[in-house]
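Close look at the chain arrangement
Now for the letters of each chain:
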There are 2 protein chains.
Amino acid sequence: MATNQQVKLLGFVGSPIVARAELALKLKGVEYEYIQESSLTNKSDLLLKSNPVYKRLPVLLHNDKPVCESLLIVEYVDETWTGHPILPSDPYHKALSRFWSSFIEDRVWPAVNKAAWNPNKQEREKGAEEAREALEILDKGLKVNDKFFNGDSVGLLDIAALVIFYWIPIIQEACEFNAYSGDQYQNLEKRGQVVLNDPVVKGVLPPRDVLLSFFRARFQSIIDSK
Amino acid sequence: MATNQQVKLLGFVGSPIVARAELALKLKGVEYEYIQESSLTNKSDLLLKSNPVYKRLPVLLHNDKPVCESLLIVEYVDETWTGHPILPSDPYHKALSRFWSSFIEDRVWPAVNKAAWNPNKQEREKGAEEAREALEILDKGLKVNDKFFNGDSVGLLDIAALVIFYWIPIIQEACEFNAYSGDQYQNLEKRGQVVLNDPVVKGVLPPRDVLLSFFRARFQSIIDSK
């Protein structure tokens, strides 16, 4: 990377969505400055200015130009820096990777958040059910066809699925529901084991016990506020 | 295109979402067979088999391999066939085109559908308000910076925004609400005039009066069923 390039990432430690952008940058070996938002509720002027539409993390600032939305950041990083290819080169495999990544974003992740953080217990149960349904569709869709992924190396779909491989097991333990188990979703589990063993992936994962304590405290505050 | 290639598009005449895929294929000069779904409610076996996850149109079948989701089809077409470039070449402009295209998909279009087809009048009014808010954000976001589009030629964001340039004015007339007017959203209006004058775009637009009658009848059936 040219030395006159400036790369900053607005993030929040522990967020699986921010971790996607971090992982993409690390896979490419891009040096960047991590700017931690001090709070998820009291948003910084820099975040509001950089992502006025959704006002959410992560935001990549490349020479002060903001790129928003985690999956779009991953594609931007792949297209901007050479080295480790993140998207498959074949257009059909590319389309499948994008399709399933968006499915995780639109169907799996919102259901998990509902299962974990909705103040209403019935809604939480409904969320867990929706998450199981979505995970089953995903697991069946992936089948044994690992071309949906990026061959042996970590790719877009792996990055999108990190929420499943690493975060969901911790969140469901903290928030007392059951959406994901390796026995049920064997294609996901198999791929998850490969991805979580990757040294670059390991470098972006926050410690399990820290996340568990954080999510437990957040869950308890929801229960207490009822 | 090699003669041994087979391209089919599962669609439904009059759908702005299907028109995106059609337009991408026509911009590239790809010959394809259009397979019309006979009904939007009674889905064909081919559709259910090709898009088991969302069961919705359009689906592109390229040598029998299905590609789903309109914006992903547009990217697939751009990456598969040479000729007219649909996405900007610069990664930053590419990211912005994807960002605003997804914004239209996630924020503008669902609000317009709510404003048009929700059986509850208050919900319809809420939908129209949400559509106006989203269109205002989009119009401001686009400003005078036409690099978000694809320069002079028709690109991804134009294809995504065709629902605004052509369909929304017809739908709001049929369904008696007001979300879009050229006076209010001058950046959109300016770009819309360029895009709607493009000869290839003209070739995929269904006649205005046919759409208006179709949407009027659909709206009346919703009013009558109350």
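Calculation notes
- Residues numbered from 1 in each chain as written.
- Chains lettered and ligands numbered in written order.
- Predicted model: local features only at pLDDT ≥ 70, side-chain atom pairs only at ≥ 80, totals over all residues.
- Heavy atoms only, no water.
- Helix = DSSP H or I, 4+ residues; strand = E, 2+ residues; numbered from the N terminus.
- Expected span 1.5 Å × (residues − 1).
- Contact = heavy atoms within 4.5 Å.
- Pairing = 2+ DSSP bridges.
- Axes fitted to C-alpha atoms, helices over the stretch in contact; angles between N-to-C directions.
- Salt bridge = Lys/Arg side-chain N within 4 Å of Asp/Glu carboxyl O.
- Buried < 20%, exposed > 50% of the residue type's maximum accessible area, 1.4 Å probe, protein only.
- Least-squares fit on C-alpha atoms with pLDDT ≥ 70 in both.
- Domains from an automatic or database assignment.
- Buried area = accessible area lost by both parts, 1.4 Å probe.

With that out of the way, let us pick up helix α9 (residues 208-224) of chain A. In this model, α9(A) (17 residues) spans 24 Å end to end at C-alpha, consistent with the 24 Å of a helix rising 1.5 Å per residue. Buried residues belonging to α9(A) abut α4 (91-117), α5 (121-142) and α6 (156-174) of chain A.

Bringing the sheet that holds strand β3 (residues 59-62) of chain A into the picture now. Neighbouring strands of a sheet are bound in pairs by backbone hydrogen bonds; such pairs are parallel or else antiparallel. Residues and elements named next belong to chain A. Strand order in the open sheet made by the four strands is β2-β1-β3-β4, with mixed pairing throughout. Bordering the open sheet on either side are β2 (33-36) and β4 (65-68), each of which pairs with just one other strand. Taken over all neighbouring pairs, the strand axes of this sheet differ in orientation by 25° on average, direction set aside. With four bridges joining them, strand β1 (residues 7-11) and β2 adopt parallel strand pairing. The residue of β2 that forms the bridge with L9 is Y34. Each of β1, β2 and β3 is contacted by helix α1 (residues 16-28), which is oriented at about 160° to β1, the strand it contacts most.

Under the criterion given, the structure shown has 30 salt bridges over all chains. Here R98(B) ties to E75(B) by a salt bridge, and the two come within 2.8 Å at their closest N and O atoms. Placement of the pair is R98(B) in helix α4 (residues 91-117) and E75(B) in helix α3 (residues 70-80), with a sequence separation of 23 residues. A relative accessible area of 5% places R98(B) in the buried class. What makes E75(B) buried here is its relative accessible area of 6%. Close ionic contact of E130(B) with K114(B) constitutes a salt bridge, the shortest N to O distance being 3.1 Å. Of this pair, E130(B) sits in helix α5 (residues 121-142) while K114(B) sits in helix α4, and the two are 16 residues apart along the sequence. Accessibility expressed as a relative area gives 28% for E130(B), which makes it partly exposed. Several salt bridges converge on common partners, so that one network encompasses E75(A), E79(A), R98(A), E75(B), E79(B) and R98(B).

When chain A is brought onto chain B, the operation consists of a screw motion whose angular component is 180° and whose axial shift is 0.0 Å, with 0.0 Å RMSD remaining. Taken together, the rotation and translation describe the operation of a two-fold axis. The position closest to the rotation axis in chain A is occupied by the C-alpha of D106(A), lying 5.1 Å away. Both copies share a contact surface, since 100% of the interface residues of chain A are interface residues in chain B too.

Next up on the list: the domain arrangement of chain A. All names here are of chain A. Each assigned domain of chain A is listed with its residue range as follows: domain 1 (7-80) and domain 2 (91-224). Computed from C-alpha atoms alone, the centre-to-centre distance between domain 1 and domain 2 is 20 Å. With 15 residues of domain 1 at the contact, the number on the domain 2 side is 19 residues. A buried area of about 1500 Å², summed over both sides, lies between domain 1 and domain 2, and 75% of it is on carbon and sulfur atoms. In this structure, the connection of domain 1 to domain 2 is made through two salt bridges. When the shortest N-O distance is used, the salt bridge between E105 and R20 registers 2.7 Å. Taken together, the elements giving at least two residues each to the side of domain 1 that touches domain 2 come down to α1 and α3 (70-80).

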